[in-house]
Amino acid sequence: MAAEVKMKLRGWVLAVLFGLMFCASASAKIPPDLIQSFNVALEKNDSAAILLISEELIAAAAENPDDPYAREIAFEAGTQLCIREACDRARSAASIMRGPASQEVSAELGNLLIALSEWSVEQNSKTSTALEKALSAVAPQQPTLLTIVAFDKFHAAKLKAGNLAQTQKIADLAIAHYAPVRAVIPENWATVELSSIATTFSRKRGSEALDRLARLEVSLYPYILEEQDDRPVLKDLYYQTQAWRYAITSWFRSHPSSHRRAIAAADEYVDTERKKLRKAYYETRERPPRYCRGGLDKTPSPNYPRDALKEGYIGAVLIGFDLEVDEIRNVRVLAAVPDSKFEKAALDSMKNVRWTYNEQQPEPDCSKANSQLVTIPFQFVMWP
């Protein structure tokens, strides 16, 4: 396993999670029509208008610091800028956020907006330390749209930099912070959970990674059953989680160890729980036609890439293909761990493989007509 963890990060932020609509009071000094325009833009999810009006609201709040809603308005406007990749433009709200905390916007949230906007302008040790401190302070609090965006962005930056210790620390903080809304933002939670597992294993090589991966894989499986095409991130995470489990299994099999029980336990848990989930899923739904049983006419046998062999690389590739009647089509890589070193070898081994159906079928009325995704794991194991 390579020392550096490489993993595609997919963010998924639900803008409807924690919206805040404002009503102007008689004592408000910020123009009510500006607030109304902001609310309308939010309702329409008009990003261009939201960006423009957010900056105008922050400027109006700065000009009227004694307005009773100035802090809340500046905070919401700054949050909208941050979730739309314009957090650097929220820096002008810093002076307002440094004011007295309120029931709606705590000191911790105000400090987070300051830290995130300043870090977005310039990423250095000072701004990174400030943002990490601000994230640690909000971690025990209820998640908000800003905290989710901040954790995602900071985690992605640490992951890209290849700092395993920092990546794991931020991922673990995010996992705990996301827990209350895990079901609402499964993409965000699963991303940091997989990151934490991968970085922990890369640093400690413990068998507990297999148990965590198995549980994550099972938690994502319902999204595969439901075939939600509008949530591709969850499918990617499911396949990445599978590939990580196969890769870590390959690592244990390539080294003298006593982890056979952990490997077997993870395999059994995934198989058992997936069967339960499938059974429960189709108790209230019509089952699709049973596919006829069959298999590949020969076992693909990829060559171990020379550069990977010289570097002592171990890993796994999850290949997928569509099965239309008896033809294999659209062979593709669903996930590869720890990187792309084994992708070509796995794909090349599939070039001369054919699909054949069993001569005897348990169910004579089985279907060959419907297309289905077939997955094959390739484990690259270096025997000791």
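In the block above lies the structure referred to throughout.
### Section: the overall build of the protein chain
No. 1: When you go through the protein chain residue by residue, the secondary structure sums to 14 helices and five strands.
No. 2: In terms of principal-axis extent, the alpha carbons of the protein chain reach across some 80 × 50 × 30 Å.
No. 3: Looking at the 384 residues of the protein chain, the share that counts as buried comes to 48%.
No. 4: Long-range pairs, those at least 24 residues apart, make up 73% of the contacts in the protein chain with a sequence separation of at least 6.

### As for the state of the cysteines
No. 1: Within the structure shown, the criterion is met by two disulfides.
No. 2: Covalently, Cys82 is tied to Cys87 through a disulfide, its sulfur atoms 2.0 Å apart. Where Cys82 bonds to Cys87 through sulfur, the torsion about that S-S bond is close to 50°, and the disulfide is right-handed. Cys87 shares its class with Cys82; the two are buried.
No. 3: Through a disulfide, Cys292 is tied to Cys366; the S-S separation comes to 2.0 Å. Between Cys292 and Cys366, the S-S torsion sits near 90°, and that sign places the bridge as right-handed. Pair noted here: Cys292 is in the loop between helix H12 (260-281) and strand E1 (294-296) and Cys366 is in the loop between strand E4 (355-357) and strand E5 (372-380), with a separation of 74 residues, a long-range link. Comparing Cys292 with Cys366 shows no difference in burial state: the two are buried.
No. 4: Taken N- to C-terminal, the disulfide-bonded cysteines of the protein chain are connected 1-2, 3-4.

### Points about unusual backbone geometry
No. 1: A cis geometry characterises the amide bond from Val337 onward to Pro338, with omega recorded as 5°.
No. 2: Positive phi is not limited to glycine here, since Glu85 has a value of about 60°.
No. 3: Along the chain, the position of Glu85 falls in the loop between helix H3 (70-83) and helix H4 (94-97).
No. 4: Residue Glu85 is classed as exposed on the basis of its relative accessible area, which comes to 65%.
No. 5: With a phi close to 55°, Arg205 is a non-glycine residue in the positive phi region.

### A word on the layout of surface pockets
Any empty space left between atoms is shown by rolling a water-sized probe over those atoms.
No. 1: If you add up the space inside the largest pocket, you get close to 1600 Å³.
No. 2: As for the largest pocket, its lining consists of 39 residues, of which Tyr221, Arg278, Tyr291, Gln372 and Leu373 are closest to the centre.
No. 3: Taken together, the elements giving at least two residues each to the lining of the largest pocket come down to helix H10 (208-226), helix H11 (232-253), H12, E1, strand E2 (315-324), strand E3 (327-337) and E5.
No. 4: Residues that form the lining of the largest pocket fall into these classes: 20 nonpolar, seven polar and 12 charged.

Cut-offs applied
Residues numbered from 1 in each chain as written. Predicted model: local features only at pLDDT ≥ 70, side-chain atom pairs only at ≥ 80, totals over all residues. Heavy atoms only, no water. Helix = DSSP H or I, 4+ residues; strand = E, 2+ residues; numbered from the N terminus. Buried < 20%, exposed > 50% of the residue type's maximum accessible area, 1.4 Å probe, protein only. Contact = heavy atoms within 4.5 Å. Disulfide = S-S within 2.5 Å. 1 Å grid on protein atoms, 1.4 Å probe; cavity = no way out; pocket = protein on both sides within 12 Å on 5 of 7 lines; lining within 4 Å. Points joined across faces, edges and corners; volume = space filled by probe spheres on them. Nonpolar A, V, L, I, M, F, W, Y, C, P; charged D, E, K, R; others polar.

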